[in-house]
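Overview (structure and organization)
The lines below spell out each chain.
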Amino acid sequence: MLKLLLQLDSSRLPSVFDQVVAYDAGADRILSQGGVTEGDVRDLVHGCIFTRSPKEMHNTAIFIGGADMSAGEKLLIAATKAFFANFRVSTMLDSNGSNTTAVAAVVKITKALGGSVKGRKIVVTAGTGPVGTRAAGLFAKAGADVTITSRKPEDGERVSAEICKRFGGTVRSIALREPSQAAAAVEGCEVLLNAGPAGVMLIPRAAWAGKLKVVVDLNALPPLGVEGVEVNDDGETREGAIAFGALGVGNFKMKLHKECIARLFTRSDLVLDAETIEDVAKELMK
Amino acid sequence: MLKLLLQLDSSRLPSVFDQVVAYDAGADRILSQGGVTEGDVRDLVHGCIFTRSPKEMHNTAIFIGGADMSAGEKLLIAATKAFFANFRVSTMLDSNGSNTTAVAAVVKITKALGGSVKGRKIVVTAGTGPVGTRAAGLFAKAGADVTITSRKPEDGERVSAEICKRFGGTVRSIALREPSQAAAAVEGCEVLLNAGPAGVMLIPRAAWAGKLKVVVDLNALPPLGVEGVEVNDDGETREGAIAFGALGVGNFKMKLHKECIARLFTRSDLVLDAETIEDVAKELMK
Amino acid sequence: MLKLLLQLDSSRLPSVFDQVVAYDAGADRILSQGGVTEGDVRDLVHGCIFTRSPKEMHNTAIFIGGADMSAGEKLLIAATKAFFANFRVSTMLDSNGSNTTAVAAVVKITKALGGSVKGRKIVVTAGTGPVGTRAAGLFAKAGADVTITSRKPEDGERVSAEICKRFGGTVRSIALREPSQAAAAVEGCEVLLNAGPAGVMLIPRAAWAGKLKVVVDLNALPPLGVEGVEVNDDGETREGAIAFGALGVGNFKMKLHKECIARLFTRSDLVLDAETIEDVAKELMK
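Report on the accompanying structure. Because the structure is predicted, anything quoted here is derived from the model rather than measured.

Turning our attention to the pattern of salt bridges. Inspection of the entire model under this criterion finds 56 salt bridges over all chains. Close ionic contact of C:Glu73 with C:Arg134 constitutes a salt bridge, the shortest N to O distance being 2.8 Å. Here the residue C:Glu73 occupies a position in helix α3 (residues 69-82), and C:Arg134 occupies one in helix α5 (residues 130-141), the gap between them amounting to 61 residues. Residue classification places C:Glu73 among the partly exposed positions, given a relative accessible area of 27%. C:Arg134 sits in the buried class, given a relative accessible area of 3%. In the salt-bridge network here, residues are joined through shared partners; they are A:Glu73, A:Arg134, A:Arg166, A:Asp273 and A:Glu275.

So, on to the interface of chain B and chain A. Contact with chain B, which involves 16 residues of that partner, is made by 22 residues of chain A. Taking both sides of the interface into account, the surface hidden between chain B and chain A amounts to around 1,600 Å²; carbon and sulfur atoms contribute 65%. On the chain B side of the interface with chain A, the three residues burying the most area are B:Leu13, B:Val16 and B:Tyr23, jointly 33% of the side's total. At the junction of chain B and chain A, the tally comes to two salt bridges. Residue B:Arg12 is joined to A:Asp40 by a salt bridge in which the shortest nitrogen-to-oxygen separation is 2.7 Å. For the interface between chain B and chain A, the tally reads five residue pairs in polar contact (both at pLDDT 80 or more). Only α1 (16-24) and α9 (246-264) of chain B provide two or more residues apiece to the side of chain B that touches chain A. For the side of chain B that touches chain A, the element with the most residues is α1(B), which contributes seven residues. Tallied by class, residues from the side of chain B that touches chain A come to 11 nonpolar, one polar and four charged.

How each quantity is defined
Residues numbered from 1 in each chain as written. Chains lettered and ligands numbered in written order. Predicted model: local features only at pLDDT ≥ 70, side-chain atom pairs only at ≥ 80, totals over all residues. Heavy atoms only, no water. Salt bridge = Lys/Arg side-chain N within 4 Å of Asp/Glu carboxyl O. Helix = DSSP H or I, 4+ residues; strand = E, 2+ residues; numbered from the N terminus. Buried < 20%, exposed > 50% of the residue type's maximum accessible area, 1.4 Å probe, protein only. Contact = heavy atoms within 4.5 Å. Buried area = accessible area lost by both parts, 1.4 Å probe. Polar contact = N/O pair within 3.5 Å; in protein donor to acceptor, adjacent residues only side chain to side chain. Nonpolar A, V, L, I, M, F, W, Y, C, P; charged D, E, K, R; others polar.

Okay, structure coming up:
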């Protein structure tokens, strides 16, 4: 029986990235749907749960993606609402790769710190996007002292409140509009995770050199986001810090992403979101 | 050579139900198109008939679906218009499962009545939707005395006229707005087929108990549509009637749906619509 | 590893023709995207270049299509802009089959003339569409004396200027509104290539009989575009000219189209457009 993955994508054009990864992870066919809204979900989910017998239903699964994380969260809620009794299929939320990328970075950082982020001061720069908020939330949940930066203070405040509501812990926000403000943002922190946009250098070398224990840059396109970190860094020492570049994190993210897709097809009741994906990542890191 | 199924769906998001069934029925790849209108069909059909040699063309087929049956009928007409000479591929119309579900119910009911519905009084409640109209039409064509119910009398009149035009026979319509009116609607009938919406109880037990020879409920989501019929009923006796629930009918519908898809790929000139799908169902029931 | 073809189609509904050909040419899965605009391309291309290792990347390729050739050209530019270093995949532009059909006709005509069109007088009737402009451009580049016809003189002037800008050489345009004007348009020419709309006879027999060395009609739907040429003609002599009909050209076009798709998956840096597709066609003709 074919392994069918229903891709529910909130963006008009469904993610090609997610499709390629899903095929490489073993999905036989992808049923791709773009521009999906909450109101669409029930009928689409019924197509998954009313077509195969309960014993066969682990061969059908749902992947929720798209550029907008909060849209993805709404789709996940709508999908789980449409399930009942044993009429359900395993479902994964990873809008814009946010969960798998954030988890990969968080797990790498935690390991580099010796196994725990409890009480550590961590700044997530440009942290109001999907990846930044997921990473900040997982850090906060694990007891770190988390700060996110944003260009607009009101965005940072709104998002940090949302993160705390979702993950618990405390998350502060500060403004960071341009590279000249980076040194102040990093001051006193042990960990810097840059989640800023592709091709934008946000953190000059002088702003972080000699100050950090761990430095991570998720920007893969030159100019890179943290000056002095290389895109392939995967534990190299840079300016006294353990450094991870976008591909260093990305290689593990890809492994994690594929492992999650593969697990969707092993049972019918998995719901893979930030915390459960982190559990998978910890198993892979062993 | 791969078996390719072109899915022409009138709804914005093409049916996942139809995709899963098509894969399980043996289609190798589905070329899925959503939001298809009449004006789109010619070019899409040309993609089917101008790409493979006449000898290979039975490996390409068209499935027409979507929430709106009359939109589906227009797509079918447009598709058959685009065929010429031996430049044609087999085509099936099953908007919202209406043909296969209606046929499955009609064939089950006919068998339960001993092989014929001729002269039998049949009421199809909430019968103005795709499944209800197809079932009413097939009953009328076979000589039954058919009544459909609708919430709005003008809808019922319009739809019953359309059914008679398409299938012949006579179909009356009456209003049925709420469960308290169900007893009057069922009065004097031997067969009740409920085609009402999912999760809505339309026919209380008292309205039908002891009155009917056959009772069928197509609503699969609790609360079920006919009180006293179970979703898995497949010929059980309930309140003196032979009863079929949504999954009892649905299991045969799935078998029929898959058989129809499989037949599309055996030749190039099949047009599977209500009557021809009923022929397939009768063969399967033997 | 699966061969994945990303179909970027500028039309709302992605071409079924291109999908069927791609599957028959060996693509394992098609990632189909419709209504694609320039602004969408970068993210979609990133899904191709950031998901597989450089060594595996030749198993991913991009096909750009759609009804509008100039929209396709913009998508090709946007795609190649998103590539960098060895983060690239092979890409083919063939909006509405324009490149492969035009090349197939041009190569057939060139061979029929003994191997060169240099200095030959060629008229491309209804030559402002995707196929006509590509054919005129390739003829002009090869040194032919090319005239295109259009219903509106201003369209013809604009398009012939665009062709010369893209392909070099000189292309004139004249008006041709109806069959009665065809004789004047053909006068003095050795080659007639009709790229007019399906089902429209544009060139009566009397307009060309006895005047031409080569006559080609690309209209496959009756009434055919050049009276006296048969749809299956593939080098037959008609009224003193070597004749090719739509299917005569089309059979070679299909072979060429499939060969191009197959080549996309042999390396990561191919860009198949008119000139490079002509190179492939010449190899196939040997």
